[in-house]
Number of protein chains: 4
Amino acid sequence: MAGSVSGDIFRVTTWGESHGTAVGVVIDGCPAGVKISEEMIQKYMDRRKPGAVKYSTMRKEDDEIKILSGIFEGKTTGMPISMLVVNKDHRSADYSEIASYYRPGHADYTFDMKYGFRDYRGGGRSSGRETIGRVAAGAVAMLILEQLGITVNAYTKSIGPVSISDDGKDMDYVKDSPVYMPDKEASVKAEEYLKRCAQEKNSAGGVVECVVKGLPAGIGEPVFDKLDANIAKAVMSIGAVKGMEIGDGFRASQSCGTENNDEFAIKDGNIVKLSNHSGGVLGGISDGSDFIFRAAFKPTPSVAAKQKSVNKAGEQIDIEIKGRHDPVIVPRAVVVVEAMAAITITDLLFKAMTSDINKIKDFYK
Amino acid sequence: MAGSVSGDIFRVTTWGESHGTAVGVVIDGCPAGVKISEEMIQKYMDRRKPGAVKYSTMRKEDDEIKILSGIFEGKTTGMPISMLVVNKDHRSADYSEIASYYRPGHADYTFDMKYGFRDYRGGGRSSGRETIGRVAAGAVAMLILEQLGITVNAYTKSIGPVSISDDGKDMDYVKDSPVYMPDKEASVKAEEYLKRCAQEKNSAGGVVECVVKGLPAGIGEPVFDKLDANIAKAVMSIGAVKGMEIGDGFRASQSCGTENNDEFAIKDGNIVKLSNHSGGVLGGISDGSDFIFRAAFKPTPSVAAKQKSVNKAGEQIDIEIKGRHDPVIVPRAVVVVEAMAAITITDLLFKAMTSDINKIKDFYK
Amino acid sequence: MAGSVSGDIFRVTTWGESHGTAVGVVIDGCPAGVKISEEMIQKYMDRRKPGAVKYSTMRKEDDEIKILSGIFEGKTTGMPISMLVVNKDHRSADYSEIASYYRPGHADYTFDMKYGFRDYRGGGRSSGRETIGRVAAGAVAMLILEQLGITVNAYTKSIGPVSISDDGKDMDYVKDSPVYMPDKEASVKAEEYLKRCAQEKNSAGGVVECVVKGLPAGIGEPVFDKLDANIAKAVMSIGAVKGMEIGDGFRASQSCGTENNDEFAIKDGNIVKLSNHSGGVLGGISDGSDFIFRAAFKPTPSVAAKQKSVNKAGEQIDIEIKGRHDPVIVPRAVVVVEAMAAITITDLLFKAMTSDINKIKDFYK
Amino acid sequence: MAGSVSGDIFRVTTWGESHGTAVGVVIDGCPAGVKISEEMIQKYMDRRKPGAVKYSTMRKEDDEIKILSGIFEGKTTGMPISMLVVNKDHRSADYSEIASYYRPGHADYTFDMKYGFRDYRGGGRSSGRETIGRVAAGAVAMLILEQLGITVNAYTKSIGPVSISDDGKDMDYVKDSPVYMPDKEASVKAEEYLKRCAQEKNSAGGVVECVVKGLPAGIGEPVFDKLDANIAKAVMSIGAVKGMEIGDGFRASQSCGTENNDEFAIKDGNIVKLSNHSGGVLGGISDGSDFIFRAAFKPTPSVAAKQKSVNKAGEQIDIEIKGRHDPVIVPRAVVVVEAMAAITITDLLFKAMTSDINKIKDFYK
């Protein structure tokens, strides 16, 4: 069954394996008239490159995006946009050993169960390189959202036990932080923690937070296609994400109604909420406040420490995973979270255009 | 845009408002040959009835399910199954006041923003009564899963600050616990906490945990239609859910790789995992272990305490919500969580049947 | 697999069997603010009633539409619209015999092959009564199209060998013609032909033509979701339709390019086509001219004449189908063709709203 | 809105413009374990090459298919299959003139109306080169169908007024016929007709017939996703198709019930039909007979003869289309018809696997 397609109106299909010829994406349903160039997309690609973040994989990746269709005279034509990155650095020899056993925490075993065999080279389709297509599509979505005054910004909230301070995020610092944290002190502590992880042949997880500003009220379709429900699916579909929450999230389950409710008031003639525990969504529909969510990432499953496993011959073995692996994937995942949010919100913005016959009449006048 | 449809192969469409003529559901894509009767569905309906759980709304609901199509000689025919519950107890007068203002924590404001006006009677479509269709469809899904040896069981994990003990769940106790907890001591404490909430005109949230047993390995479609991603969407689409997590969930973000990875071993000739931090899913595909997830519910937004709001005339007002409201929705939501899990897993089980050409050849032999 | 759902944005799900409790439809994705009443829908229901057309089934049907949800204060709310007609006249005894054998030209055999058994009462789901849901949904679509200045009108073009004159359609006469033909002379001849068919225990087929006026240019999505492709699917999904064509259709295959091309010209400052061989569509997108298509219906398969068949015991038998059957279904199918066109065009009109970023920016301004 | 995606389970997305960098396709939902190589796909590509058929465009195309993902060790992995053909021969200068006006019979005008502008080079996305992706995907579908004992064969039934004989098709002759006709006499006459068309600066249309053998009974989903309805959509989505029919098609509308019904009988212990007027489908579900349909193609709209048109300045002009154009597209379209049939049937075969709970239980045993 087709599982590599996301969205209904703005429809994104990713393809490609870690060590295949290329990885890529096709966007179908992008409106005509959006200014797009390879340079604009490349900026986002560079943010997920290992070079951009210390403590990420040492593998040298040179991810150059190519646009193959859907652009004419510098603008989208409304036709499918096909983009790809050629895989340059795939020394399959590095990975030959993993063909024979199932790595704990990886999808090796489940792929074999489902498909009968798997492309084991570098993790195949379940490699982090699969996110290249997501990020390229996310970049296009960002360019659309920009036109509508909407911004999507994610950053690292915590790595292992090290969390940013609750008050006073320094958003300008994110680009300087090797771990994408908006908090210098926490960033330094996180780096130290990661150093220790690496020394101990271990790895760390963390939490990414994302804030969407400028989203108009009215986005999200009750009952099953709520804004928060669609974002939950999009974010949980990123490899290694084990939890997600909107606004106060799990904390809301311990608070009481009078604390958790956001009261309404009039400010400068407009209806406003006096707080934002809901994270910008009520009944699955955006309420005009900032839309805020968090995603919890598990630690990188590839660790150099010794682990128990089984091989294809059905024998119990001890393994030590070699090769270049990120001690944490959270910093590189920040742009992937943004991409999934942008893709999902673009699709929902388009869906929300048919909620009211009066607006449709205006449109077709 | 259509938002009341869930699933692709096993497709569920719910309809109806709290105080309309009826609420109901159509299931399209149910296989032929499943034994189903109104009595079998009614059992699930009764579990979401207020009578089943103390501390739930005092409103007397008499939710009698009627099957209108898709069943012949006691079995499903493969044709759409239409079911409905007639709304009996809708004294619209009780709710007339809420037409004029926006209740904090409710969808009143966002519905008006999106649709231009709203059916304000009893919350209209965003009322808890909308879940009647989900539960009826979930009951049908349960009957299918039963045939395949799969069970879905949810229970209350916490209410406000009161959580069940980590070890030694007493699953037999759940049906005796007024709050659906598998832990007598916690259940008593939770009741006391809810009594205090009610006295203080306040409300509580909580966490529901769900365990799926018997799910074969191989269910879930990479990349975007992963098992966990689809469950996340399904569960987040339940009103009041603000967070969800799989396996160790948010806790995984603070652990390290060697702790979080589930090592493989051979047991009785089969490959097994020595732990289940992953919650039964690897790379978005079920791994044959128990599939475990949790959903965080916010406190009931309808509280009797005084709150600030605005009315349609654009004036700031103080409101006190009257009427019969649950101090907590978690116990009644347990069966809804089960229903959404069953619906989602049934759809994914059907999708997983085309992953391997050899199995397809066997099927069509 | 779900097959009773049509459309993506304006999504229609029909349900119900000929001799079940009721037949009905749920429309999800109808915009808010459309004025709708049961009376408005009933008008369309009455057009497919046997009473409306002579030579149709003598079975007395009293198809009273009930709206159960999605309407508040006389207008759609944007929520699912659930409608049903209770089946009153189902004397199952009439049909008991057909349970034992496969009627030629009917779906009895294929339903058994697919589902293992079937609801044989009155044809079950493959009965003409299934179209009740289509017509009710089509009526809602018509009310939406009306707001946008679009009309959909179908009529009988031919019955058996009797065809209307190519020039000078008398559209006012359609409502007076017992066979829905816009041509008095042809109508009389068609009646005579049908009389003969009935005497000979036989049945007739025919062609329905449909003209959509006011459709703006730009509707239809290349490549696979073209206007003509979607209409083709919608129309071929009506029971008994064996062919469909757009504009000149099959005739175009015999003409040459210079004849078939519609030349462009300027008229009153606007671009116009000097002919309409294309039937209002170019490259799958509406061109602003009348959109015209035809559907070919096979003869009613239920005939009183003796036919060869096989029974469930695997014996070859002769059968004579008893009961009340239309000698032709074409006149009653006219409103069903209109309904399917209206449903399909409404969905495509909504889809066409996101083709151009500049229009989206205007919408969200 | 996304319109370049076909299918739900076996999902095909095509992309690319005539004179862009490349044209291609992504197949998502192909089962694992299917043997596939570029050579196998190339065979189908070659059948749509102009070199394969005289009287087709003289433009030299060198369409070499490249597989970029989804194949490992010579077999599909269940992951998306990305394929492309680099556009080599795109001398844009040839087409610069058409940027300024709207060619009759082409999509120039409707693209401008819908998207605000268009990629005019070589027809952009509405060029015949778009079908490269369809044919590549169709080749993969064919390899799947082959495993299940199903074959799909199309051929030219008529060109302009020249039709093959009704009895005695010589299927072996098709590959020798420059116009893909299974009838030598008709083929020679068709060639002569086309010669005359070319001399007169004109073009011709025709009819393609397709026969699917080995399709098991039970394929197709009532009500809206019938086998014939889905094939109708797939075939009408091919550029230049103006009509389609199943079995006796339009002829059925003029026959009577006793002629048109296919009687059942027992032969060698099996239920068989004594004729096949239905074309292999009853109630939208395959009945185990040959599935037969026809598609009517309009004449190539690009003709060298003088035509009236309008330019972008709003002036009425006379045009004479230059360049290399097929006097008929039917012979090259034969493989495209096969491809669309194969893609559609594969998707429906997969959908039909969940019609019966007993078969699902067997599958998961």
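When you go through chain A residue by residue, the secondary structure sums to 8 helices and 18 strands. Relative to its length of 365 residues, chain A is compact, with a C-alpha radius of gyration of 22 Å against a globular reference of 21 Å. When the backbone C-alpha atoms are referred to their principal axes, chain A occupies close to 70 × 50 × 40 Å. The proportion of buried residues among the 365 residues of chain A is 68%. A total of about 11800 Å² of accessible surface is found on chain A, and carbon and sulfur atoms cover 48% of it. When the 47 basic and 49 acidic side-chain charges of chain A are each reduced to a single mean position, those positions are 4 Å apart.

Moving on to the relation of the copies chain D and chain B. For the pair chain D and chain B, the relating rotation is 180°, the translation along its axis is 0.0 Å, and the fit reaches an RMSD of 0.0 Å. Here the two chains are linked by the operation of a two-fold rotation axis. Interface overlap between copies is the fraction of interface residues in one copy that are interface residues in the other; for chain D against chain B it reaches 100%, indicating a shared surface.

There is about 1200 Å³ of room inside the largest pocket. In terms of lining, the largest pocket is formed by 42 residues, of which the most central are Glu 245 and Phe 250 of chain C together with Glu 245, Phe 250 and Arg 251 of chain D. Those elements that provide at least two residues to the lining of the largest pocket are β8 (151–159), β10 (206–213) and β16 (291–297) of chain C together with β8 (151–159), β10 (206–213) and β16 (291–297) of chain D. Looking at the lining of the largest pocket, its residues break down into 12 nonpolar, 14 polar and 16 charged. When its volume is computed, the second largest pocket comes out at roughly 790 Å³. Elements that contribute at least two residues to the lining of the second largest pocket include exactly β8 (151–159), β10 (206–213) and β16 (291–297) of chain B. Of the residues forming the lining of the second largest pocket, the biggest block, 5 residues, is contributed by β8 of chain B.

Turning to the interface of chain D and chain B, a few remarks are in order. On the chain B side, the residues contacting the 25 residues of chain D number 25 residues. Roughly 2400 Å² is buried in total at the junction of chain D and chain B, and carbon and sulfur atoms are behind 74% of that figure. Broken down residue by residue, the surface that chain D buries against chain B is led by Met 353, Ile 357 and Tyr 364 of chain D, which jointly contribute 28%. Counting across the interface, chain D meets chain B through 0 salt bridges.

A separate point is the confidence of the model for chain A. For residues with low pLDDT, the predicted coordinates do not support detailed interpretation. In this model, chain A carries an average pLDDT of 93, and 95% of its residues clear a pLDDT of 70 or more. Two numbers describe this predicted complex: its pTM, 0.97, and its ipTM, 0.96.

Counted by the stated rule, this structure contains 34 aromatic pairs over all chains. Judged by centre distance (5.1 Å) and plane angle (75°), the rings of Phe 363 of chain A and Tyr 364 of chain A are edge-to-face. Judged by relative accessible area, which is 18%, Phe 363 of chain A ranks as buried. When the ring of Tyr 102 of chain C is compared with that of Tyr 109 of chain C, the centres are 5.3 Å apart and the planes differ by 75°; the resulting orientation is edge-to-face. By relative accessible area, which is 9% here, Tyr 109 of chain C ends up buried. Grouped by ring-pair contacts, the aromatic residues Tyr 102 and Tyr 109 of chain A together with Phe 264 of chain B constitute a single cluster. Taking the ring centre of Phe 117 of chain D as reference, the NZ or CZ of Lys 75 of chain A above it sits at 4.5 Å.

Residue and element names in this part refer to chain C. In space, the 5 strands of this open sheet follow the order β1-β2-β3-β7-β4, with antiparallel pairing throughout. Among the strands making up the open sheet, the edge pair consists of β1 (5–6) and β4 (66–67). With 2 bridges joining them, β1 and strand β2 (residues 11–16) adopt antiparallel strand pairing. By the bridge assignment, Val 5 is partnered in β2 with Thr 13. Sitting on the sheet, helix α3 (residues 131–147) touches β2, β3 (22–28) and β7 (81–86), and the angle it makes with β3 is about 35°.

In this section: the interface of chain A and chain B. Chain A puts 108 residues into the contact, and the matching count from chain B is 108 residues. Summing the contributions of chain A and of chain B, the shared interface buries around 8500 Å²; its carbon and sulfur component is 61%. Of all residues in chain A, Met 1, Lys 114 and Phe 224 of chain A bury the most surface against chain B, accounting for 11% of the area lost on that side. On inspection of chain A and its partner chain B, the count reaches 4 salt bridges.

Residue and element names in this part refer to chain D. One can describe the packing of helix α5 (residues 227–236) onto helix α7 (residues 330–351) by two numbers: an axis separation of 9 Å at closest approach and a directional angle of 145°. For the pair α5 and α7, the crossing hand works out as right-handed. For the pair formed by α5 and α7, the contact residues are Leu 227, Asn 230, Ile 231 and Ala 234 on the first element and Met 340, Ala 341, Thr 344, Ile 345 and Leu 348 on the second. Taken together, the residues that form the contact of α5 with α7 break down as 7 nonpolar, 2 polar and no charged.

Residues and elements named next belong to chain A. Its 16 residues place the ends of helix α4 (residues 184–199) 23 Å apart at the C-alpha level, agreeing with the 22 Å of an ideal helix rising 1.5 Å per residue. Inspection of α4 places Ala 186, Ser 187, Ala 190, Glu 191, Tyr 193, Leu 194 and Cys 197 among the buried residues, and these make up the whole buried set. Buried residues of α4, seen end-on, are gathered within an arc of 165° and therefore sit on one face of the element. Seen from the buried face of α4, the exposed residues on the opposite side, beyond 90 degrees, are Lys 184, Glu 185 and Gln 199. Its side-chain oxygen at 3.1 Å from the backbone nitrogen of Glu 185, Asp 183 defines the N-terminal cap of α4.

The subject of this paragraph is the pattern of salt bridges. Within the structure shown, the criterion is met by 114 salt bridges over all chains. A salt bridge links Asp 287 of chain A to Lys 273 of chain A, with the nearest nitrogen and oxygen atoms 2.4 Å apart. With a gap of 14 residues between them, Asp 287 of chain A in the loop between β15 (285–286) and β16 (291–297) and Lys 273 of chain A in strand β13 (residues 270–273) connect regions that are remote in the sequence. Assigned by exposure class, Asp 287 of chain A and Lys 273 of chain A land together as buried. In this structure, the salt-bridge partner of Lys 88 of chain B is Glu 64 of chain B, at a minimum N-O distance of 3.9 Å. Here the residue Lys 88 of chain B occupies a position in the loop between β7 (81–86) and α2 (108–115), and Glu 64 of chain B occupies one in the loop between α1 (38–47) and β4 (65–67), the gap between them amounting to 24 residues.

Below, the discussion takes up the pairing of β8 of chain C. Residue and element names in this part refer to chain C. The buried fraction of β8 amounts to 7 of the 9 residues, a majority that puts the element mostly inside the structure. One ladder, built from 8 bridges, connects β8 with β10; its direction is antiparallel. Bridging from a neighbouring strand, Thr 151 pairs with Lys 213 of β10. In terms of strand pairing, β8 meets strand β9 (residues 162–163) through 2 bridges, oriented antiparallel. Note that in β9 the partner of Ile 159 across the bridge is Val 162. Counting the residues in the hairpin turn of β8 and β9 gives 2 residues, including Gly 160, whose phi is positive at 50°.

All names here are of chain B. The sheet built from 5 strands is open, its strands ordered β1-β2-β3-β7-β4 with antiparallel pairing. Each of the sheet's edge strands pairs with one partner strand only, and the pair in question is β1 (5–6) and β4. Packing of α1 onto the sheet brings it into contact with β4 and β7, and relative to β4 it is tilted by some 150°. Its contacts with the sheet put helix α3 (residues 131–147) on β2 (11–16), β3 (22–28), β4 and β7, and the angle it makes with β3 is roughly 35°.

Criteria and thresholds
- Residues numbered from 1 in each chain as written.
- Chains lettered and ligands numbered in written order.
- Predicted model: local features only at pLDDT ≥ 70, side-chain atom pairs only at ≥ 80, totals over all residues.
- Heavy atoms only, no water.
- Helix = DSSP H or I, 4+ residues; strand = E, 2+ residues; numbered from the N terminus.
- Rg over C-alpha atoms; globule rule 2.2 N^0.38 Å.
- Buried < 20%, exposed > 50% of the residue type's maximum accessible area, 1.4 Å probe, protein only.
- Areas by Shrake-Rupley, 256 points an atom, 1.4 Å probe, with all protein chains shown as cover.
- Lys, Arg positive; Asp, Glu negative; His and termini not counted.
- Charge placed at Lys NZ, Arg CZ, Asp CG, Glu CD.
- Least-squares fit on C-alpha atoms with pLDDT ≥ 70 in both.
- Contact = heavy atoms within 4.5 Å.
- 1 Å grid on protein atoms, 1.4 Å probe; cavity = no way out; pocket = protein on both sides within 12 Å on 5 of 7 lines; lining within 4 Å.
- Points joined across faces, edges and corners; volume = space filled by probe spheres on them.
- Nonpolar A, V, L, I, M, F, W, Y, C, P; charged D, E, K, R; others polar.
- Buried area = accessible area lost by both parts, 1.4 Å probe.
- Salt bridge = Lys/Arg side-chain N within 4 Å of Asp/Glu carboxyl O.
- pLDDT = per-residue confidence, 0-100.
- Phe/Tyr/Trp six-rings, centres within 6.5 Å; stacked < 30°, edge-to-face > 60°.
- Lys NZ or Arg CZ within 6 Å of the ring centre and 35° of its normal.
- Pairing = 2+ DSSP bridges.
- Axes fitted to C-alpha atoms, helices over the stretch in contact; angles between N-to-C directions.
- Left-handed = near helix turned anticlockwise from the far one by under 90°.
- Expected span 1.5 Å × (residues − 1).
- Arc of directions from axis to C-beta.
- Polar contact = N/O pair within 3.5 Å; in protein donor to acceptor, adjacent residues only side chain to side chain.

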